[in-house]
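Secondary and tertiary structure notes
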2 protein chains.
Amino acid sequence: MRTIDVQASSHDYSIHIGSGLRLALKSYISMDYSKILIMTDENVANIYLDDVLGQFSEKEILKVIIPAGESSKSIEIFYSTHTKAIEFGLDRSSLIIALGGGVVGDLAGFIASTYMRGIDYIQMPTTILAHDSSVGGKVAINHELGKNLIGSFYPPKLVLYDIDTLHTLPTREIRSGYAEIIKEAMLAKQSNLNEILSTTISDIPNEKLMQDLELGIKIKAAIVEEDEKERGTRKHLNLGHTLGHAIEAVLGYGKITHGEAVGIGLLFAVYVSEKYFSKKILFSQLLSWLKKNHYPLNIVNSLTPTALVDKMKTDKKNVHNKIHMVLLEAIGQPTVHSFEDNKILDYIQSFFDMVKEEMMN
Amino acid sequence: MRTIDVQASSHDYSIHIGSGLRLALKSYISMDYSKILIMTDENVANIYLDDVLGQFSEKEILKVIIPAGESSKSIEIFYSTHTKAIEFGLDRSSLIIALGGGVVGDLAGFIASTYMRGIDYIQMPTTILAHDSSVGGKVAINHELGKNLIGSFYPPKLVLYDIDTLHTLPTREIRSGYAEIIKEAMLAKQSNLNEILSTTISDIPNEKLMQDLELGIKIKAAIVEEDEKERGTRKHLNLGHTLGHAIEAVLGYGKITHGEAVGIGLLFAVYVSEKYFSKKILFSQLLSWLKKNHYPLNIVNSLTPTALVDKMKTDKKNVHNKIHMVLLEAIGQPTVHSFEDNKILDYIQSFFDMVKEEMMN
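From a predicted model like this one, the values you see are computed outputs, not experimental measurements.

Rules used throughout
Residues numbered from 1 in each chain as written. Chains lettered and ligands numbered in written order. Predicted model: local features only at pLDDT ≥ 70, side-chain atom pairs only at ≥ 80, totals over all residues. Heavy atoms only, no water. Contact = heavy atoms within 4.5 Å. Buried area = accessible area lost by both parts, 1.4 Å probe. Polar contact = N/O pair within 3.5 Å; in protein donor to acceptor, adjacent residues only side chain to side chain. Helix = DSSP H or I, 4+ residues; strand = E, 2+ residues; numbered from the N terminus. Nonpolar A, V, L, I, M, F, W, Y, C, P; charged D, E, K, R; others polar. Pairing = 2+ DSSP bridges. Axes fitted to C-alpha atoms, helices over the stretch in contact; angles between N-to-C directions. Buried < 20%, exposed > 50% of the residue type's maximum accessible area, 1.4 Å probe, protein only. Arc of directions from axis to C-beta. Parallel < 35°, antiparallel > 145°, perpendicular 65-115°, else oblique. UniProt positions renumbered as here; feature names shortened; annotations may be inferred.

A closer look at the interface of chain B and chain A
Across the boundary between the two partners, chain B contributes 40 residues, which contact 40 residues of chain A. Across the chain B to chain A interface the summed buried area is about 3500 Å²; carbon plus sulfur atoms make up 61%. Here chain B is connected to chain A by 12 residue pairs in polar contact (both at pLDDT 80 or more). Among the secondary structure elements, those contributing two or more residues to the side of chain B that touches chain A are α3 (75–88), α4 (102–114), β7 (138–143) and β8 (146–153) of chain B. No other element matches α3(B), which puts 7 residues into the side of chain B that touches chain A. Split by residue class, the side of chain B that touches chain A holds 15 nonpolar, 14 polar and 11 charged.

Here's what the structure looks like:
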């Protein structure tokens, strides 16, 4: 098992990564919680829920199973889960457990942050992508006008990462998770990035997966420790997300995975960076890696640049009505820049043209 | 003007109490906020909203006027205000202003705490009761199963208390506010309490009102500084609220004011304290003061003790299924006790009998 400790402003917490942790959950719960609510989605429930439930009596734990997918991060499920929690008798000394991917983690975490003004919760991520959302305390639900617009900063008490649960992931999900890992490596240093660029998603040995995951989490944890509330450096974690979020929103959530959209967004961020700083940084290597790993770059054929810019304008990272983007001056040297709509539109158009051309090669 | 400074874990903030402050709001806003949302209710809007709006251009400030009353602290208004804020273009460097009583303050504060994971807000209380809710950062909306069940701890950036706005309050609202002030004095010391017991609500000179308000806020501020997240001493502020909240919930919010319910709850807390510690503490003086000031003690005739106990059991202050109550060992010596349902039921029954008898005298 590997353990990474994170210092949050309200409390410190540990991230344990290892095999079989879901079966040992109870031994990691140090406090005497009055009751427990465990949230998971239909897919995860079928495979892993019983492993966790088996450690508790029916009287002490309530299971809440939500439909898989981004649409569950809704105000309706937020509210109805509060109802279930109240009816089950959860109180201020109760615990919420999020067993699943980012959707479950974000939703369960936001419920924990608002239930009776905040109770403890534990993240048990079951996807690679969730290594990102489960660390750092960003929790939220979606508003119909934009993703993650209603939420808070509320760190978990513990992150328990059972790597056994990653074995059942479809390749698409592994691809989705690796977009965030490669992003983290781009924010760190060249040697980290080389490490991830050497990974072929369709065939990752277990030890390599553990190692990449630990690398990503360590980079992320260091950034959120420095800037928990995203006033400065934490903004760098949005690398690739300006276009990524817009793609997801325009296509409708679920058409392509979050990480697949971020993968394209990262390539766009590098494209703009190379233009802006007039130097080669990473475009061709990143493009090769995305192609090799079957990121859906051809989606650009069905996207309208103006629609993407419209979505970007409602992104919560934007301040004073300009579109903010994280660029890379070099590997490990991110900076935040703001652009007028039209400039971004130009960049998207020429980027799409280039990608289309590349896809024909 | 009087100023009280409060240290919160995330930041410090000032509470200014004085005349004409609503007209000078702009001079107290130090940051360059991108946009402002001001929330108020229909009643306050009619009298004071223009005084505030006049300081800003239409492009920079959005007004959101909610129906007066507790029922506005709903998930529907919470969500629809988010919608309006997004459509108006509020971003992470925007500001929310709560102009009104506790309902507006709690709701606007909770929206601020969750909008794009939290933006700044300013409390501008316009009732005496709101001296309590506007200080200390407790924000929330109601769940249909209980009051304030969905919320967070999120301190304001500033509290601007314009005492001119208190002149237009009906006596009932002054009565409501004084219940919290007398509660605060009960938690402090005998001389503070004597000060408040000397107040006759139907006829308070301006200077006396300022002084009582400052006293209440200072006591409250000292407690929340010591225990922001209500893990210990802040629980003492729930004195009188175990029965008070239950009365409100059983009657339906709005039948009697929050403070009127708390007034009866305080008398009940003193009643139980005197029984529990087998000594006289305050019952007869408090009863006289409540009678003199026309707190609706006769409401006990229309309340069923079992219904009250049922409500208490869903109160979020309860942990491990027992009913918690703040008692007073003496003035300024609060302690938290937990009771079985039946014990509380006995106390309520004998308390009601005593009040009914007293009301006939």
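Quick word on the sheet that holds strand β2 (residues 12–18) of chain B
Residues and elements named next belong to chain B. The 7 strands are arranged β1-β2-β9-β6-β5-β3-β4 in an open sheet whose pairing can be described as mixed. Among the strands making up the open sheet, the edge pair consists of β1 (2–7) and β4 (61–66). Across this sheet, the average inter-strand angle for adjacent strands is 15°, counted without regard to direction. Pairing of strand β5 (residues 95–100) with strand β6 (residues 120–125) involves 6 bridges; the strand directions are parallel. Bridge assignment links Ala 98 to a residue of β6, and that residue is Gln 123. Strand contacts of helix α2 (residues 42–53): β3 (36–41), β4, β5 and β6, with the helix running at about 145° to β3, the strand carrying the most contacts. Across the sheet, helix α8 (residues 206–226) touches β1, β2 and β9 (158–162), and the angle it forms with β1 is around 10°.

Focus: helix α12 (residues 305–313) of chain B
Residues and elements named next belong to chain B. When α12 is considered as a whole, its buried residues turn out to be Pro 305, Leu 308, Val 309 and Met 312. On an axial view of α12, the arc spanned by its buried residues comes to 100°, and they lie on one face. Considering only its buried residues, α12 is in contact with α9 (241–251), β10 (323–330) and α13 (341–360).

Thoughts on the sheet that holds strand β4 (residues 61–66) of chain A
Residues and elements named next belong to chain A. The sheet built from 7 strands is open, its strands ordered β1-β2-β9-β6-β5-β3-β4 with mixed pairing. Only two strands of the sheet have a single partner each, and these edge strands are β1 (2–7) and β4. Adjacent strand axes in the sheet meet at a mean angle of 15° when their direction is disregarded. Across the sheet, helix α2 (residues 42–53) lies against β3 (36–41), β4, β5 (95–100) and β6 (120–125), angled at about 145° from β3, the strand it touches most.

Topic: the packing of helix α9 (residues 241–251) of chain A against helix α12 (residues 305–313) of chain A
Residue and element names in this part refer to chain A. One can describe the packing of α9 onto α12 by two numbers: an axis separation of 9 Å at closest approach and a directional angle of 110°. In terms of axis orientation, α9 runs roughly perpendicular to α12. Here α9 contributes Thr 242, Leu 243, Ala 246, Ile 247, Ala 249 and Val 250 to the contact with α12, which in turn contributes Ala 307, Leu 308, Lys 311 and Met 312.

Things to note about the UniProt feature "binding site: Zn(2+)" (unreviewed entry) in chain A
Residues and elements named next belong to chain A. As annotated in UniProt, the feature "binding site: Zn(2+)" (unreviewed entry) corresponds to Glu 180, His 241 and His 258 in the numbering used here. A maximum C-alpha distance of 9.9 Å places the annotated residues, which cover 79 residues in sequence, within one compact spot. Looking at Glu 180, the relative accessible area reads 0%, which means it is buried. With residues up to four places along the chain from it excluded, the contact list for Glu 180 reads Leu 129, His 131, Asp 132, His 241, His 258 and Val 262. Here His 241 shows up in helix α9. For His 241, the contacting residues outside a window of four places in its chain are Glu 180, Lys 183, Ala 246, His 258 and Val 262. A polar side-chain atom of His 241 sits 2.9 Å from a polar atom in the side chain of Glu 180.

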